[in-house]
Amino acid sequence: MTSTQVGKDGTGDHGAPLTAQPQADGHGEGYQRALGARQIQMIAIGGAIGTGLFLGAGKAISKAGPSLILAYAVAGLVIFFIMRALGELLMYRPVSGSFSEYAREFVGPFAGFVTGWTYWLFWVVTGITEVTAAATYMTYWWDIPQWLSALVFTVILYCANLISVKLFGELEFWFSMIKVTAIIGMILICAGILTLGFSDAGDTATVGHLWSEGGFFPKGIGGTLMTLQIVMFAFLAVELVGVTAGESKDPRKTLPKAINTVPWRIAVFYVGALIMILSVVPWTEFKPGVSPFVAAFEEMGLAAGAAIVNFVVLTAALSSCNSGMYSTGRMLRDLALNSQGPRIFTRLTTRGTPLVGTTFSAALMLVGVWINYRWPGEAFNYVVSFATISGMWAWIMILVSQIRYRALADRGELPQSSFKAPGAPFTSWFALGFIGVVITMMAIDRDARISLYCAPVWGLLLGVSYLALKRRDPDAAAFHVRKRTGPAPGTAPADPVDSGRE
């Protein structure tokens, strides 16, 4: 198989402009394109709704009051800029490695190495976090050991991910459907209370709660800024739709549609839900560690509310862990295909799922089971702090890659994407600046600072590993774009493409 070597100037081996185009199907990577539009849409929606909303919002409300609504709105706009930057790259070249591939192409092989392994670690850590949370939620109904629930959940999701990508998509579809239904139901109930005045909260519910309890910024602008890390943590995994690019039935059609739904998803599920909840229940009633949804149900006098919310957050946790199982295997395989990971990770099952990569990642997630057994009350706090900074690294690489790609495309050295990010590169620079503010807030916050201590240690480990890998295999420090057969740039996609990996 042949491949085109890409230099830092965006040209091929002989200095000619690179004309690689998005590949048409997943056969070049060995995957099956089994994820349809229905599943892609719900994966995109589910990626933006997790335990960060159902549980983390309680702590954020207590820190910022109603101004948290503004924090979610501004952060949501930044997330849209990030997703449109990713969408532009995906329509240029939709591959399963996604941001790791783009970082490798537009920033450098080392950036791709760091991004791939960091995003893999992010999902391993997140998987441990979420399976820990899921095990905790199970104790609401049954008095069973946390470690046992964590073990069972990990094994079930591991098996489901190995069977087929279609089963993963179906699980994620229904997990997301439960979360969406719960939020819409809460919004409708709150709207009914505000307009019709039913339930125990009917006499006191009013939109005036948004400004009557100390104003819209009761803790000042500083309090709002300090919640940005919690807000951004809630949005982690929204970029997962990019990892599905290599297994989408029609990526040119489904991915742009999924990305363009980001604004209304955030407007409804975060901004809309918080406006309704904080209108029914004064922000002063919310406490850290208590779900705002549970608090709202209790204020309404709905006894079944706590059980309903517990089921929903259990679903959200399992959804996140399911996504972790999916993405870690793909990311390890992409690294291996680029000689930046053990070749054994390239192995697929007969159904096109990454056998070894998923198995290795699931085995590490079982470390979470041991953590549950050893420190059942502290497990969640031990692993959650590193997730935010490692997840945001992927966003940074998406933005930097899009800026570099747009510059090359505008000079005619690369084909233009069919899904350009509006306002770029200015919107991408704005998003990078916003992420910088979030990281600064994390440095100020004593509880979140530990994640910044971990980042340099992880970076040093990756740096040493890369130097050793490069010395042993020079091909690891090169980027190869898949050779494409078929129509010229800008025409209809061709049939199977060569994997192009030497």
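These lines cover the structure that appears in this document, whether it is placed above or below.

A separate point is the packing of helix 11 (residues 228-235) against helix 18 (residues 426-444). For the pair helix 11 and helix 18, the least separation of the axes is 9 Å and the interaxial angle reads 120°. In terms of their interaxial angle, helix 11 and helix 18 are classed as oblique. For the pair helix 11 and helix 18, the crossing hand works out as left-handed. Of the residues in helix 18, those touching helix 11 at Leu228, Gln229 and Met232 are Phe434, Val437, Val438, Met441 and Met442. When grouped by side-chain class, the residues that make up the contact of helix 11 with helix 18 number 7 nonpolar, 1 polar and no charged.

Let us look at the side chain of Thr315. Structurally, Thr315 can be placed in helix 15 (residues 305-337). Look past the residues within four positions of Thr315 in its chain and what remains in contact with it is Phe175 and Ile178.

Looking now at helix 5 (residues 99-106). Counting buried residues in helix 5 gives 8 out of 8 residues, a clear majority hidden from the surface. Looking one or two residues past helix 5, Gly108 carries a phi angle of roughly 150°, positive in sign.

Right, let's talk about the packing of aromatic side chains for a bit. Across all of its chains, the model carries 22 aromatic pairs by this definition. Look at Phe168 and Tyr326: their rings are 4.1 Å apart centre to centre, the planes differ by 10°, and that puts the pair in the stacked class. Within this pair, whereas Phe168 is found in helix 8 (residues 165-196), its partner Tyr326 is found in helix 15, the two being separated by 158 residues in sequence. With a centroid separation of 4.8 Å and 55° between ring planes, the pair formed by Phe235 and Tyr270 is classed as tilted. With Phe235 in helix 11 and Tyr270 in helix 13 (residues 262-280), this residue pair connects regions lying 35 residues apart in the sequence. Relative accessible area serves as the criterion here: at 0%, Tyr270 is assigned to the buried category. Through successive ring pairs, a cluster of aromatic residues spans Phe99, Tyr119, Phe122 and Trp123.

Right, let's talk about a negative patch on the surface for a bit. Together, Asp200, Asp203, Glu213, Glu285, Glu298 and Glu299 line one region of the surface with negative charge. Structurally, the position occupied by Asp200 is in the loop between helix 8 and helix 9 (209-212).

So, about a nonpolar patch on the surface. Nonpolar side chains collect at one region of the surface, where Trp147, Leu148, Leu151, Val152, Val155, Ile156 and Leu366 lie side by side and expose about 530 Å² of accessible area between them. Tallying contributions element by element places helix 7 (residues 146-163) first for the nonpolar patch, with 6 residues. Among the structural elements, Ile156 can be located in helix 7.

About the cut-offs
Residues numbered from 1 in each chain as written. Predicted model: local features only at pLDDT ≥ 70, side-chain atom pairs only at ≥ 80, totals over all residues. Heavy atoms only, no water. Axes fitted to C-alpha atoms, helices over the stretch in contact; angles between N-to-C directions. Helix = DSSP H or I, 4+ residues; strand = E, 2+ residues; numbered from the N terminus. Parallel < 35°, antiparallel > 145°, perpendicular 65-115°, else oblique. Left-handed = near helix turned anticlockwise from the far one by under 90°. Contact = heavy atoms within 4.5 Å. Nonpolar A, V, L, I, M, F, W, Y, C, P; charged D, E, K, R; others polar. Buried < 20%, exposed > 50% of the residue type's maximum accessible area, 1.4 Å probe, protein only. Phe/Tyr/Trp six-rings, centres within 6.5 Å; stacked < 30°, edge-to-face > 60°. Patch = residues over 30% accessible without salt bridge, like charges linked within 9 Å, V, L, I, M, F, W, Y side chains within 5 Å. Areas by Shrake-Rupley, 256 points an atom, 1.4 Å probe, with all protein chains shown as cover. Salt bridge = Lys/Arg side-chain N within 4 Å of Asp/Glu carboxyl O. Lys, Arg positive; Asp, Glu negative; His and termini not counted. Charge placed at Lys NZ, Arg CZ, Asp CG, Glu CD.

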